[in-house]
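Descriptive analysis of the structure
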Amino acid sequence: MLPAKMVTTAFELPGYRITANLGVVRGITVRSRSVVGNILGGLQSLFGGNITIYTSLCEQARSETYALMSEHALALGANAVIGMRYDATDVMAGLTEVLCYGTAVRVEPIDG
């Protein structure tokens, strides 16, 4: 996986010059909530506040898609990703697609 400091939502990486644009990279997963998860989430929602079971599911999905995007970038020969974003879409009731995408680039340090 790429080092976190080499992935940014910005379109430039401070201290580095982009030497090659390798194209769009992405990681995708489709997640579902289990029956048990829905029951626990429903119980937590009765009390309000952070519904931790769903928060955990979202974090797992984002982490997985970030890792997949990083692997895609490395496979193209990138050492950084710029313009990274997340997107989520309901595929159907109880199924959510989570996408992490950005532009794979090669960068080099700017001589100081």
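A brief report on the enclosed structure follows. (Residues numbered from 1 in each chain as written. Predicted model: local features only at pLDDT ≥ 70, side-chain atom pairs only at ≥ 80, totals over all residues. Heavy atoms only, no water.)

Describing the sheet that holds strand β1 (residues 16-32)
This is how the line gets drawn: At least two DSSP bridges between two strands are needed for those strands to be called paired. In DSSP terms, a helix is any run of H or I states spanning at least four residues, a strand is any run of E spanning at least two, and both are numbered starting from the N terminus. Axis definition: a line fitted to C-alpha atoms, limited for helices to the stretch in contact. Angles are taken between N-to-C directions and run from 0 to 180 degrees.
Spatial strand order, β1-β3-β2: three strands in an open sheet with antiparallel pairing. Only two strands of the sheet have a single neighbouring strand rather than two, namely β1 and β2 (80-92). If you compare each strand with its neighbour and ignore which way they point, the axes differ by 10° on average. Two strands pair when backbone bridges link them, and β2 and strand β3 (residues 95-109) are joined in this way by 10 bridges, in the antiparallel orientation. Note on β3: the bridge partner recorded for V81 is A104.

Comments concerning the nonpolar core
What counts is decided by this rule: For the purposes of this section, nonpolar cores are sets of buried Ala, Val, Leu, Ile, Met, Phe, Trp, Tyr and Cys residues that join through side-chain atoms within 4.5 Å. Partly exposed describes any residue whose relative accessible area lies between the buried limit of under 20% and the exposed limit of over 50%, with all areas from a 1.4 Å probe on protein chains only and scaled to the type maximum. Residue contacts are counted whenever heavy atoms from the two residues lie within 4.5 Å of one another.
Counting 11 residues, the largest nonpolar core is built from L2, V7, V25, Y66, M69, A73, A78, V81, M84, C100 and A104. Among the elements that line this core, the one with the most residues is helix α2 (residues 52-75), at three residues. Those residues in contact with V25 that lie beyond four places of it in its chain are M69, H72, A73, L76, V81, C100, Y101, G102 and A104. Ranked by size, the runner-up nonpolar core spans six residues in total, among them M6, I82, V105 and V107.

Brief notes about the pattern of salt bridges
Under the convention used in this document: By definition, a salt bridge exists where a carboxyl oxygen of Asp or Glu is found within 4 Å of a side-chain nitrogen of Lys or Arg.
Taken as a whole and assessed by the stated rule, the structure comprises two salt bridges. One salt bridge connects R17 with E108, and the closest N-O pair in it is separated by 3.3 Å. Remark: E108 occurs in strand β3 and R17 occurs in strand β1; sequence separation between them is 91 residues. For the salt bridge of R31 with E64, the shortest nitrogen-to-oxygen distance reads 2.3 Å. One end of the pair, R31, is in strand β1; the other, E64, is in helix α2, with 33 residues separating them in the sequence.

A short note on the side chain of T29
In plain terms, the rule: We define a polar contact as two N or O atoms separated by no more than 3.5 Å, with the added condition that, inside protein, one atom must be a possible hydrogen donor and the other a possible acceptor, whereas residues neighbouring each other in sequence contribute only through side-chain atom pairs.
Positionally, T29 belongs in strand β1. Engagement of the side chain of T29 in a polar contact is seen with the side chain of E64, the distance being 3.2 Å. Discounting residues that sit within four places of it in the chain, T29 has contacts with A61, E64, T65, T96, E97 and V98.

Describing α2
The following threshold applies: The span one expects for a helix is its residue count, reduced by one, times 1.5 Å.
The end-to-end C-alpha distance of α2, which contains 24 residues, comes to 34 Å, matching closely the 34 Å that a straight helix rising 1.5 Å per residue would cover. Every buried residue belonging to α2 is among A61, T65, Y66, M69, S70 and A73, and all of these are buried. On its buried side, α2 packs onto β1, β2 and β3. Once α2 ends, the next one or two residues include G77, with phi positive near 90°.

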